[in-house]
Structure formats: structure tokens, C-alpha cells
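Analysis of the macromolecular model
Residues per chain are reported as follows:
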Amino acid sequence: MNSPFSLASSTILITGASSGIGRACAVACSEAGARIIALGRDEERLHQTLKLLDNKKKHISYSVELTDFNQVDRMMESFEAEGIKINGIINSAGISTTLPLRAFNPEKIQTFVDVNVTAAIYLCKWITRKKMLPESGSSIVFLSSVMGSVGESGKFIYSLTKGALLAASRSLAVELASKKVRVNCISPGVVETPMTDSAVYSRNEEARGKIEALHPLGLGKPEDVAHAAVYLLSDASAWVTGTNLFVDGGYTAR
Ligand SMILES: NC(=O)c1ccc[n+]([C@@H]2O[C@H](COP(=O)([O-])OP(=O)(O)OC[C@H]3O[C@@H](n4cnc5c(N)ncnc54)[C@H](OP(=O)(O)O)[C@@H]3O)[C@@H](O)[C@H]2O)c1
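Here is a short report on the structure shown in this document.

Cut-offs used in this document
Residues numbered from 1 in each chain as written. Predicted model: local features only at pLDDT ≥ 70, side-chain atom pairs only at ≥ 80, totals over all residues. Heavy atoms only, no water. Helix = DSSP H or I, 4+ residues; strand = E, 2+ residues; numbered from the N terminus. Buried < 20%, exposed > 50% of the residue type's maximum accessible area, 1.4 Å probe, protein only. Near = heavy atom within 4 Å. Areas by Shrake-Rupley, 256 points an atom, 1.4 Å probe, with all protein chains shown as cover. Nonpolar A, V, L, I, M, F, W, Y, C, P; charged D, E, K, R; others polar.

This part takes up unusual backbone geometry. The residue Asn55 is not glycine, and still its phi comes out positive at about 50°. Its location among the elements puts Asn55 in the loop between helix H2 (43-51) and strand E3 (60-63). The exposed category is assigned to Asn55, whose relative accessible area is 55%. In this model, Lys180 sits at a positive phi of 60°, which is unusual for a non-glycine residue. Inspection of the secondary structure puts Lys180 in the loop between helix H5 (156-176) and strand E6 (181-188).

Next up, the structure:
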């Protein structure tokens, strides 16, 4: 019997697949039966991701700087030329920073908007073109963050990029519904990945303890987020669009 959570016969494009949540999404989607197109910059770590996938031979990886739109165009043109249709995308590539207002300057903000927002939306434009869109439609998942909905000292730049995804996804959900394209966000709390390993609080036990205490279920694992992504890509969420799914161990319930 076909499970509504199955991704069999689907091709799923995943950015940030060389690390953390993106890598876990690649593993979970392949376990659900999908063919994965894994994007990242670090080729070695992308290959490590491919080694973790079920049915290794059917997947592909592609090293790309997502803010270089010429590079992205060449990559997507090559997929289009191969006749690849995209049933779903997980936009997991992202960067974070902790920066107080006094350290703000206009150039600093641009990089974060470029990677976290513009690059993700640019790819969505590509996959919703007629040639790449399957008749059955597609599902777009953005990795927002609890920081898109609630505040934290020093997080205003990261927060504004994640809030932008929440706002944009609602309008895109309305705009793309007639094409059978669903658009949703996942907002994780703190998940243990290389991104959080490099965060300031990870270098200080007391600070880390405080972050853990904000999550009634403890810190998250990349798989916790990946399973939510599989749901949003699959037919199990066929009537779900324009939503934001908190996967945060209770962070925003407090
Ligand atoms: N970890 C958390 O606690 C947490 C919480 C809430 C939301 N999120 C969001 O979840 C997503 C994944 O986070 P993560 O913790 O898995 O991060 P991560 O381990 O640091 O991985 C980030 C990924 O993004 C890719 N990337 C970054 N800049 C890129 C660029 N310019 N072009 C192409 N790829 C780029 C990296 O590729 P390379 O390494 O190959 O360069 C890497 O694969 C992010 O959007 C993050 O904001 C994370």
C-alpha cells in the first residue's frame, strides 16, 4: 500500500546538503524513496552525503555558490536540458550571525539577505518554470527559524532574513497555488549542527546550558527537522500551504 508520506518517483532538490539539516533532509528523503539532487559548495562533504543515501546510484550532487546567479543558471539549464522535473525543493543553505546593532553596517546585512533569502527565492523561480514543473505540481520548503518569529539579543540580522522567508512564503503560496505548487516554512529551534557548533554559546558551557533550558524537549537533531520536511514534501500535506511549522522542542510554547 502506498503511504501518503512516500516520496517514491519524486526528484527533490536540496540546498545545503553538504552539512547539518540539509544533509539529514537528503538522507530522510532518500529513505522515503526520492531521487536527490544535493547542492552545496564543498564537494568532499557533498560526496559524504551521497554515501549516506539509500540507492546511491540514482542521486546526484552539484557544487554551486548559490549567490552566483550565473553559476546557478548554468546548473539549472543543465538539469533542464536533461529533462529533469523537480517535485520538491528544500532550501536549507543558510548562514547565521550574532551581531549587536552597534556593529551593524549596510554591507554586513547584504550577505545574509543574499544567501538566506535571495538565493533561495531565485531557485524557486527556476523550479516553477513550465519546463521543470511536473504536472502534479511541486512543494517548496524554506528553512526559516524560530528567530523569524521571536527575538533574541544580537540576532536581528539573522531574524530579518528568516522573517522575510515567512512573509514571502505566504504570498508565494497564494501566487503559486494555481500551478499546484505548495509553499511552506519550517522554523527550527536550536539544532545540533556545524552551524550551532560555531555559535558563541557553544564555546561556553554556562551559555550552552541557558540555550538548552529554553527548549523543554532539549536541543534538536537534524533528523527532527528532516522528518518535518518529508511531510511537507509528500502527499500527506497535500492541503497544506502558506504555513510555518515550528519544530523547536517547545521553544516557542513557553
Ligand atoms: N542549526 C540550527 O540550530 C538552525 C536553527 C534554525 C534554522 N536553521 C536553518 O537551517 C538551515 C541549515 O542550517 P544548518 O545548521 O544545517 O547549517 P550548516 O550545518 O552550517 O550548513 C549550512 C549549509 O549551507 C550551505 N551554504 C551556505 N552558504 C552557501 C552559499 N553561499 N552557497 C551555497 N551553499 C551555501 C553550506 O554549504 P558548504 O558547507 O558546502 O559551503 C552548508 O551545506 C539554515 O538555513 C539555518 O539558518 C538552523
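Our focus in this paragraph is the site of the ligand. Near the ligand you find 30 residues, and of these Ser18, Ser19, Glu65, Tyr158 and Thr193 are the closest. When the ligand is considered free in solution it has 900 Å² of accessible area, and contact with the protein chains removes 93% of it. Secondary structure elements with two or more residues in the shell around the ligand: helix H1 (20-31), H5 and helix H6 (194-197). Class assignment for the residues of the shell around the ligand results in 13 nonpolar, 12 polar and five charged.

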